[in-house]
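Okay, here's what each chain looks like letter by letter:
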Amino acid sequence: MLKQLIKEKINDKVLSENLKIFAENYKISKEKAFTGLNFEKIRAKINELKSFEYDEIIKLYHKFKETAINKGCHVFEASNANEANKYILDICKKHNSQYVVKSKSMTSEEIKLNEFLEKNGITPIETDLGEWILQLAHETPSHMVMPAIHKSRKQVAKLFEKVTGSKIDPDNIEDMVKIARKELRDYYFKAKVGITGANVAVAETATIGIVTNEGNARLTTTIPDVHIVVLGYEKLVKTFKDALQIIRALPKSATGQIISTYVTWISGSYPSDGNKNKEVHFVFLDNDRLSVFRNENLKEALKCIRCGSCANVCPVYEKVGGHVFGDTYVGAIGLILTSFYGDEKKANEILKLCIGCRTCSENCPAGIDLQSLISDINATISPKYRIGFPKNLVYSKIMPNPEIFKTVTFMGKYLQKPIVKNNKIEKIPFTSKEKNFRVLPSIAKKSFSQLYNEYFKKGSNKKYKKSAIFYSGCAIEYFYPEIGLSLIKLLDRAGIKIKVPEKMVCCGLPAIHAGDGINGQKTIIKNLAYFDDNIHEDIITLCPSCGMAIKEEFPKYTKTSPKDFEKSIKIGEKVKSLSQFLHENNLKLVYAAKYKVTYHTPCHQKRGLCFSTEQFLKDILTDHFIPLKDSDKCCGFGGSFSFDYPEISSKILQDKIDNIKDTKAEIVVTDCPGCIMQIEGGIKKQNLNIRVLHLSEFIQQYVKIAES
């Protein structure tokens, strides 16, 4: 079903165009909105002020409850959706409310409040324009802030024609807004109950903050006699000052606005009709939130401020939208929250849609490492549903065992011969057309280890001024050994000798990313055994994903083994990308060619190893360097992701190739073998005259090392 839904959304031209335009505009708007502000400091502050232990959140709740009751309000704790819905229904019946008006509340979506009320004879009316459009279409939101982002104006006009019975001009947005205003206006007066969520809840004053752009929330909270607020415990903060920190970041991250049109603060039971005060109810929903607060790792997700920025920057979301990339909640946080509050089987499916690019983590204004949480949850849930025999065989038997891996690739060299042409595989037999969107590399005739040993057997009595360790990784060892050999030759010229671990073992990331944390851990521990206990040299990696795995996954998966954990930390501190190593060793590099060059930034180079090869190349190439639009945006590889979801991967890749073509560059340089497999494979499939080189190959071939 998921595969079919992906195909449907991939081919939805309206969705594709809307999401692409929004993604491009959002990036610019957000950058402008945060101009003059320190984004890192803001998100560190929000992360800090929302860091609560279980006991603290309970105290905050009781403080809010006590203050709210003293101000004439009612407070109810709902342990699950059923309790929350029944409580709300009882209030509606008590006030004989045939209609209720609602302003955006994702929490009410979570408990499926609308369906429940309708079954019990009460009509809920969504008053947010986007939510009302979806209510008319009988659809669910595809974004947390812009719920109807997947709809075109023509589609909206058709919906409005059914409501009004009149012809609607789809290009007259102003008229359509007036129609919505006219249709909705009477319901505010018909309804005796208004229901909202809350963007933030201040414990010390029992104040809620609501952020909107349409003003409908103010009508929902003021006109009906009763106001019900449905919220989770995670919306609580200590002080009004803390709340302002969140409101400061929310619109900038959500839509790229400096501030939303309306920021409404409500505290206590306030005047409603004449001398009568409004009846106010706060429904705090647990639905397993409190158990999450007890989990030291997972509770990070409850710091989310519901801005939706993780969806705004996600390359996968951009291609398929929220009806695929999420459930009730969408985007990276949606994958996580589905595992908390939704169907676990559904969560297991959609967690696999994360490509692992870490853009969500980098952009989260609450400082949540979303991608890491997705990876951890995936590794917890996946074993219950199995990952399939082929993957299990690879991750459990082949990748952790160097001798078996070597034997399998040795056999593969001969078995691949019928489908190999010019060292490339044009088409994988017995697979669908979708999976053959690129040319793939064949298994190399000689592994990197063989080339390395041959090179140093021929070596001289040359004296080296220093040495470094090279961690090759699977792709370079068996598919791109020439990339590793280029590193050896390059650093040999610089008087630096490269040493390699006794045996090559996978970094464990492929297994972990697939949800097989058990075999990922086994692979990591096997890996550590081949590193010396006392490493003093730098460890160079030509694959940022391997480097990031060593720095982050090795310590994470060895926490229960003190010796392995300590070794992981030491090794992680030594890991460097090639550009970082060259920069820190002050090698004077001079470009010796005239090719126009652009650079694709691998996801884990920027958001893992955290060193800018793009700037490094600019400094060397000067006028010959051409910046690539969205250089750090994922190319769509994601390891097994590109084989599991080729329809999505190929679409992301096409954006990358289009941007590369726009540069008119003759050479694309990158740091990652996986990115080379993806980008070069796509370029060759399209017969484009553009070369793709790893940084080590490019510098070895076209850059001189000048005397200091």
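Conventions adopted
All residue numbers here refer to positions counted from 1 along the written sequence of the relevant chain. At least 70 in pLDDT is required for a residue's local features to be given in this predicted model, at least 80 for side-chain atom pairs to be given and counted, and no such filter applies to totals for whole chains, interfaces and linings, which use all residues. Excluded from the side-chain calculation are hydrogens and water; included are all heavy atoms of the structure. Should a side-chain nitrogen of Lys or Arg be within 4 Å of a carboxyl oxygen of Asp or Glu, the pair is scored as a salt bridge. Secondary structure elements follow DSSP: runs of H or I of four or more residues count as helices, runs of E of two or more count as strands, with numbering from the N terminus. Relative accessibility decides the category of a residue: with a 1.4 Å probe and only protein chains considered, values under 20% of the type maximum give buried, values over 50% give exposed, and everything between is partly exposed. At least two DSSP bridges between two strands are required for those strands to pair. Where helices are involved, their axes are fitted lines through C-alpha atoms of the stretch in contact, as for all axes, and angles between N-to-C directions lie from 0 to 180°. The length a helix should cover is 1.5 Å for every residue beyond the first. Throughout, a contact is declared for two residues whenever any of their heavy atoms are within 4.5 Å. Under the rule applied, a polar contact is a pair of N or O atoms within 3.5 Å (in protein, one hydrogen donor and one hydrogen acceptor; residues adjacent in sequence only if both atoms are side-chain atoms). Orientation labels follow simple angle bins: below 35 degrees gives roughly parallel, above 145 gives roughly antiparallel, 65 to 115 gives roughly perpendicular, and whatever is left gives oblique. Polarity classes work like this: nonpolar for Ala, Val, Leu, Ile, Met, Phe, Trp, Tyr, Cys and Pro, charged for Asp, Glu, Lys and Arg, and polar for all others, with Gly in that last group.

Chemist: Help me get a handle on the pattern of salt bridges, residues and values and all.
Modeler: What the rule picks out here adds up to 38 salt bridges. Where Lys 391 meets Asp 644, a salt bridge forms, and the shortest distance between an N and an O atom there is 2.6 Å. In this pair, Lys 391 is assigned in helix 20 (residues 389–398) and Asp 644 in helix 32 (residues 641–644), connecting sequence segments 253 residues apart. For Lys 424, the salt bridge goes to Glu 680, with nearest N and O atoms at 3.3 Å. Residue Lys 424 is located in strand 14 (residues 424–425), and its partner Glu 680 is located in helix 34 (residues 673–685); the two are separated by 256 residues in the primary sequence. Take Lys 424: its relative accessible area is 18%, and that puts it in the buried class.

Chemist: I'd like a description of the sheet that holds strand 1 (residues 74–78), backed by residues and values.
Modeler: Ordered in space as 1-12-7-4-2-3, the 6 strands form an open sheet in which the pairing is parallel. In this open sheet, the two strands that pair with only one neighbour each are strand 1 and strand 3 (123–126). Along the sheet, successive strands turn relative to each other by an average axial angle of 25°, direction set aside. Alignment of strand 4 (residues 193–196) against strand 7 (residues 226–232), held across 4 bridges, turns out to be parallel. Note on strand 7: the bridge partner recorded for Gly 194 is His 227.

Chemist: I'd like a description of the sheet that holds strand 13 (residues 420–421), backed by residues and values.
Modeler: Within a sheet, neighbouring strands are paired by backbone hydrogen bonds and run either parallel or antiparallel to one another. Reading across the sheet, the 3 strands line up as 13-14-15 and stay open at both edges, with antiparallel pairing between neighbours. Each edge of the open sheet is held by one strand with a lone partner, namely strand 13 and strand 15 (440–441). Sheet topology places strand 14 next to strand 15; 2 bridges connect them, and they run antiparallel. Bridge pairing in strand 15 links Ile 425 to Leu 440.

Chemist: Let's hear about helix 5 (residues 81–94): which residues, and what values?
Modeler: Taking 1.5 Å per residue as the helical rise, helix 5 with its 14 residues ought to reach 20 Å, and the 20 Å between its terminal C-alpha atoms agrees with that figure. Ala 81, Ala 84, Asn 85, Tyr 87, Ile 88, Leu 89, Ile 91 and Cys 92 are the residues of helix 5 that are buried. Elements that come into contact with the buried residues of helix 5 comprise strand 1, strand 2 (99–102), helix 7 (113–119), strand 4, strand 7 and strand 12 (279–285). Structurally, the start of helix 5 carries an N-cap: the backbone nitrogen of Asn 82 is 3.2 Å from a side-chain oxygen of Asn 80.

Chemist: Outline the packing of helix 26 (residues 517–529) against helix 28 (residues 562–574), supporting the account with residue identities and numerical values.
Modeler: For the pair helix 26 and helix 28, the least separation of the axes is 11 Å and the interaxial angle reads 70°. One finds that helix 26 runs roughly perpendicular with respect to helix 28. Across the interface between the two elements, Ile 525, Leu 528 and Ala 529 from helix 26 touch Asp 564, Lys 567, Ser 568 and Ile 571 from helix 28. A per-class count over the contact of helix 26 with helix 28 returns 4 nonpolar, 1 polar and 2 charged.

Chemist: Can you break down the packing of helix 31 (residues 613–621) against helix 35 (residues 695–702) residue by residue, with the values?
Modeler: Close contact between helix 31 and helix 35 brings their axes to 13 Å; oriented N to C, the two are set at 10°. On the basis of the axis angle, helix 31 is roughly parallel to helix 35. In this structure, helix 31 uses Thr 613, Phe 616, Leu 617 and Leu 621 to contact helix 35, whose residues at the interface are Leu 695, Phe 698 and Ile 699. Of the residues that constitute the contact of helix 31 with helix 35, the class distribution is 6 nonpolar, 1 polar and no charged.

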